[in-house]
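Letter by letter, the chains look like this.
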Amino acid sequence: MLSIGAIKSTGQGEYYLDLGREDYYLKGGEPPGQWLGRGAEKLGLTGKVEDQDFRNLLKGFATGGDSLIQNAGKQKHQPGWDLTFSAPKSVSVAWALSEESTRIRIQGAHDRAVAEALRYLEDDFAWTRRGKGGVEREEAGLVVATFQHGTSRAQDPQLHTHAICLNVGVREDGTTGTILSKPLYQSKMAAGAIYRAELAAQLHELGYKVVEDRAFFRLEAVPEKLSQEFSKRRVEILAELEKKGTSGAKASAAATMATRQVKGHASREELFEAWRQVGEEARFKAEKLEAREQERVSDPEARGYHCTKQAVEKITWQQSHFSERELVRYTAELAQTWAIGAETVRQAVRAELRNAGNIVTLGRVEGEKRYTTREMLQLEKEMLKTVVEMGKESRPLKAEVDPKSELSKEQLAALKHLTEAKGDDRVVSGKAGTGKPTLLKEA
């Protein structure tokens, strides 16, 4: 999965530098950071993240101290964003309990998946502004410092990478400016799905069988009960939610912060030994994690095409039009168990959107192209025609609501709106879970 959080001060960046150490395996901490992004390359940043370079960029300065953005060094400057890519729990468990050579390959698969997701973001959602009032929008290369971590705050195995996207975009001509953050947030679900699709494809290549887990995936070789054994952090958050009597995304985020601990510096050597003991206590044999040759993917392009077709059907079952970003997300989610990587997903989506026999371009909403299918367009035309015909018949109505009705105040208002029409067409729209089927049954 992918989560995005704003870095609100340059001091937050010290957290990643403090954990990053060359001798992390024996003395604790995490591996040193690595630079990614076309913007980083243009600024001469490759390989290991040096502490002072990172500190300078958090403030908006180049490695040599020159200003890269208008508010460099000022308190109101936004340093950047933490894009955290987390492997599914079963992948982290397999990584934690495997032999060193296998662990290295799993880490490599995770790193490649992170790089593909960042490339997707950079290709389609990295923008900076220029001109008076910032009216001109230009593509930009990203400057990203990636820090791979292997544990949760409860010291459970949790393979994840903090991709720190600095608030410096490098334009084609080499000039620099601040990054537009809204497109990054809007593309979070799609980029997270791209990451998982690439990770699943890489793990399949290594010899692991990948199975569906709702919109995610898991490794068949890792029992769900074992994953739960290594989920103390999740248990803490659920306990906090139960204690507060709350639920939902915002409540979960608050519970996460309320139960947050200072991350320890135990060496990976110690952690791998402790995790091995947990596996043995759960009577799990590490040999089950040995990779076995999987069926090779035949004709990945055809598989990608199939996933995209399914994705279009899934989207239009719930909504009448969609963006390329949404189609990428649903295609990538379906691709996870088909061993189809990020590039094949993106190619399949682009090919489908060029399919004039099925896809219609509607126009733009907030700068983003919207699409629909010819079938959906025809369906809407027929519905509108029906509405017009029905509107010609005036049938004044008066509703009588059962006094024992369990409808909410909002549902009763909607019911009155629907059933006390005087020849007009009436529409009610509502979010998922607000009781529309119950309301229509009463109507």
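Basis of the calculations
Residues numbered from 1 in each chain as written. Predicted model: local features only at pLDDT ≥ 70, side-chain atom pairs only at ≥ 80, totals over all residues. Heavy atoms only, no water. Helix = DSSP H or I, 4+ residues; strand = E, 2+ residues; numbered from the N terminus. Contact = heavy atoms within 4.5 Å. Areas by Shrake-Rupley, 256 points an atom, 1.4 Å probe, with all protein chains shown as cover. Pairing = 2+ DSSP bridges. Axes fitted to C-alpha atoms, helices over the stretch in contact; angles between N-to-C directions. pLDDT = per-residue confidence, 0-100. Phe/Tyr/Trp six-rings, centres within 6.5 Å; stacked < 30°, edge-to-face > 60°. Buried < 20%, exposed > 50% of the residue type's maximum accessible area, 1.4 Å probe, protein only. Expected span 1.5 Å × (residues − 1).

Quick look at the overall build of the protein now. On a plain count of helices and strands, the protein comes out with 18 helices and 13 strands. Sequence separation of 24 or more characterises 68% of the internal contacts of the protein that already satisfy a separation of 6 or more. For the protein, the exposed surface amounts to about 24,500 Å²; the carbon and sulfur share of it is 49%.

Consider a sheet: its strands pair through backbone hydrogen bonds, and that pairing is either parallel or antiparallel. Overall, antiparallel pairing links the five strands, which are arranged β1-β3-β7-β6-β2 in an open sheet. Here the strands that pair on one side only, and so sit at the sheet edges, are β1 (2-7) and β2 (34-36). With direction set aside, neighbouring strand axes in the sheet form an average angle of 30 degrees. Its contacts with the sheet put helix α8 (residues 188-206) on β1 and β3 (80-86), and the angle it makes with β1 is roughly 130 degrees.

Scored by pLDDT, the protein comes out at a mean of 84, with 85% of its residues at no less than 70. Note that pLDDT drops below 50 for residues 237-241; the model gives that stretch eleven contacts with residues more than four away or on any other chain. Every residue in residues 251-262 scores below 50 in pLDDT, and together they form 20 contacts with partners more than four places removed in sequence or on other chains.

A separate point is the pairing of strand β13 (residues 368-373). The pairing of strand β12 (residues 359-365) with β13 spans six bridges and is antiparallel. The residue bridging Gly 363 from the neighbouring strand is Arg 370, located in β13. Hairpin connection, β12 to β13: the antiparallel pair is bridged by two residues, and Glu 366 has positive phi, about 50 degrees.

Taken as a whole and assessed by the stated rule, the structure comprises seven aromatic pairs. Residues Trp 95 and Trp 275 carry aromatic rings whose centres are separated by 5.9 Å and whose planes lie at 55 degrees to one another, so their mutual orientation is tilted. Within this pair, whereas Trp 95 is found in helix α5 (residues 89-97), its partner Trp 275 is found in helix α12 (residues 268-281), the two being separated by 180 residues in sequence. By the burial criterion, Trp 95 is buried, and Trp 275 matches it.

Glancing now at helix α13 (residues 300-318). Quick reminder: α-helices carry 3.6 residues per turn. Residues three or four places apart thus point the same way. For α13, with 19 residues, the first-to-last C-alpha span of 27 Å sits near the 27 Å given by 1.5 Å per residue. Those residues of α13 that are buried are in contact with α14 (324-335), α15 (342-353), β13 and α16 (374-391).

Even without being a glycine, Arg 214 presents a positive backbone phi close to 55 degrees. Within the fold, Arg 214 resides in the loop between β10 (210-213) and β11 (216-219). Given a relative accessible area of 70%, Arg 214 falls into the exposed group. Even without being a glycine, Glu 366 presents a positive backbone phi close to 50 degrees. Its location among the elements puts Glu 366 in the loop between β12 and β13. With relative accessibility at 67%, the residue Glu 366 sits in the exposed group.

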